[in-house]
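# Secondary and tertiary structure notes
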Amino acid sequence: MTKRDLKSLTIDELTEVILSLGEKKFRARQLYDWMHVKLARSLDDMTNLPKGLRSRLAEEFKMISLEVVDVQVSEIDGTRKFLFGLDDGNVIESVWMKYKDWASVCISSQVGCKMGCRFCASTLDGCVRSLTPGEMLDEVYKIQSEMGIRVSNIVVMGSGEPLDNYDNLVKFIRMITDENGLNISGRHITVSTCGLVPQMYRLADEGFEITLALSLHAPTDEKRRKLMPIANKYSLSEVIPACKYYFEKTGRRITFEYALTAGENDSDTEAEELIALISGLNAHVNLIPVNPIKERSFVRSDAERIQRFKSKLEKNRINVTIRREMGKDIDGACGQLRRKHMEEHVSC
Ligand code: SAH
């Protein structure tokens, strides 16, 4: 029998567990506080819980605690890439980024990804499995503990398609924003999707304040299909209305991510097509100079082209930024550290 993970349980679920063991309700709060505020690594740390209760819990439950397998530190800006081991032997990547007076963590939502975007390293071997809420929480908890600085922002932009792991993602968001837990503001959380339309509508209705980022990457269906297989399933005539709905329901401005790739999506025509597609939407475009991966031949647009593309959008009153590159020297494209680790440690 696989043991249930205590860290994935909400306070109500945990209370049920505690009551079923014949214990008093306040023990659930204590346990929750140890896991989600004090960031305990194991039941042994929880010294104000009776030993008997701890060992009974350990018989039936486990408590996820990620293992730090590797850390890469950028000498340029201090960005850290963590490689974490899961208890089934899989590994995932998370990134810590320090800005002026705040820190942000980029987490993975799945081991690998099945979406098949052509420029992305995370998807090259498909999706192994989805992460549990406890595993996603622990990406943040372990990094906060290691760094000793409060994490204030979270971007779900690591490996995986978060909306393909919908229920666990939603539970993760409820728990990380819980005032009895780390209490991170929903306004400081961004979830990025390749555009799973039905789940975008569901997310809009959850009552969250989080930002939704849509990986657009091309302004027409024809070009988008070349880069992103999901565009065969959902056309822009479905994706864009889902973005509009998200904004109407939540009041949160959509972010469009656009990875500029030389000769693929960076011409003046494409800038004009993009303007036509999103003009009038309350949105923000984040231009990402594509991160080349060795398995594919995509090349990043040069600085001049990027600037030209940007100013074309600006002239049409579209809100646009170029993503600041963090951790350039420890490299970049998400999923690459995990792949390197697998190549070195798994012989198949
Ligand atoms: N599955 C989600 C989250 C994945 S990664 C999504 O598709 O949005 C977060 C962002 O990084 C996405 O916009 C993704 O398209 C982009 N990305 C992936 N590989 C990249 C690369 N090599 N260079 C630049 N951006 C990349």
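Just so we're clear, the structure is a prediction, and the values are computed from it rather than from any experiment.

Criteria and cut-off values
Residues numbered from 1 in each chain as written. Predicted model: local features only at pLDDT ≥ 70, side-chain atom pairs only at ≥ 80, totals over all residues. Heavy atoms only, no water. Near = heavy atom within 4 Å. Polar contact = N/O pair within 3.5 Å; in protein donor to acceptor, adjacent residues only side chain to side chain. Areas by Shrake-Rupley, 256 points an atom, 1.4 Å probe, with all protein chains shown as cover. Nonpolar A, V, L, I, M, F, W, Y, C, P; charged D, E, K, R; others polar. Phe/Tyr/Trp six-rings, centres within 6.5 Å; stacked < 30°, edge-to-face > 60°. Lys NZ or Arg CZ within 6 Å of the ring centre and 35° of its normal. Salt bridge = Lys/Arg side-chain N within 4 Å of Asp/Glu carboxyl O. Helix = DSSP H or I, 4+ residues; strand = E, 2+ residues; numbered from the N terminus. Buried < 20%, exposed > 50% of the residue type's maximum accessible area, 1.4 Å probe, protein only. Pairing = 2+ DSSP bridges. Axes fitted to C-alpha atoms, helices over the stretch in contact; angles between N-to-C directions. Contact = heavy atoms within 4.5 Å.

### Some remarks on the site of the ligand
Residues in contact with the ligand amount to 17 residues; listed here are only the nearest, Glu161, Ser192, Ser215, His217 and Asn291. Gly160 is positioned with one of its backbone polar atoms (N or O) 3.0 Å from a nitrogen atom of the ligand. In isolation the ligand has 530 Å² of accessible area, and contact with the protein removes 94% of it. Taken together, the residues of the shell around the ligand break down into eight nonpolar, seven polar and two charged.

### A few points about the packing of aromatic side chains
All told, the structure shown has four aromatic pairs when counted by the stated rule. Ring geometry for Tyr99 against Trp102: centres 4.3 Å apart, planes inclined by 15°, an arrangement best described as stacked. We note Lys38 situated over the ring of Trp34; from NZ or CZ to the ring centre the distance is 4.4 Å.

### Notes on the pattern of salt bridges
A side chain with one charge can pair with a side chain of the opposite charge if their charged atoms come near. All told, the structure shown has 23 salt bridges when counted by the stated rule. With a closest N to O distance of 2.9 Å, Asp138 and Lys142 form a salt bridge. With Asp138 and Lys142 both in helix H4 (residues 133-147) and four residues apart, the pair spans about one turn of that helix. The exposure classification of Asp138 matches that of Lys142, with both residues buried. For Glu209, the salt bridge identified is with Arg187, shortest N-O distance 3.2 Å.

### Section: the sheet that holds strand E9 (residues 153-156)
Spatially, the ten strands line up as an open sheet ordered E3-E4-E5-E6-E9-E10-E11-E12-E13-E14, and their pairing is mixed. Sheet topology places strand E3 (67-73) and strand E14 (319-322) at the edges, where each strand pairs with a single neighbour. Across the sheet, the mean angle separating the axes of adjacent strands is 20° when strand polarity is ignored. Note that E9 and strand E10 (residues 189-193) share three bridges and pair parallel. Each residue of the ladder has a partner; that of Val156, found in E10, is Val191. Helix-sheet contacts for H4 involve E3, strand E4 (80-85), strand E5 (91-98), strand E6 (103-106) and E9, and the interaxial angle to E4 is about 125°. Along the sheet face, helix H5 (residues 166-176) touches E9 and E10 and points at about 180° away from the line of E9.

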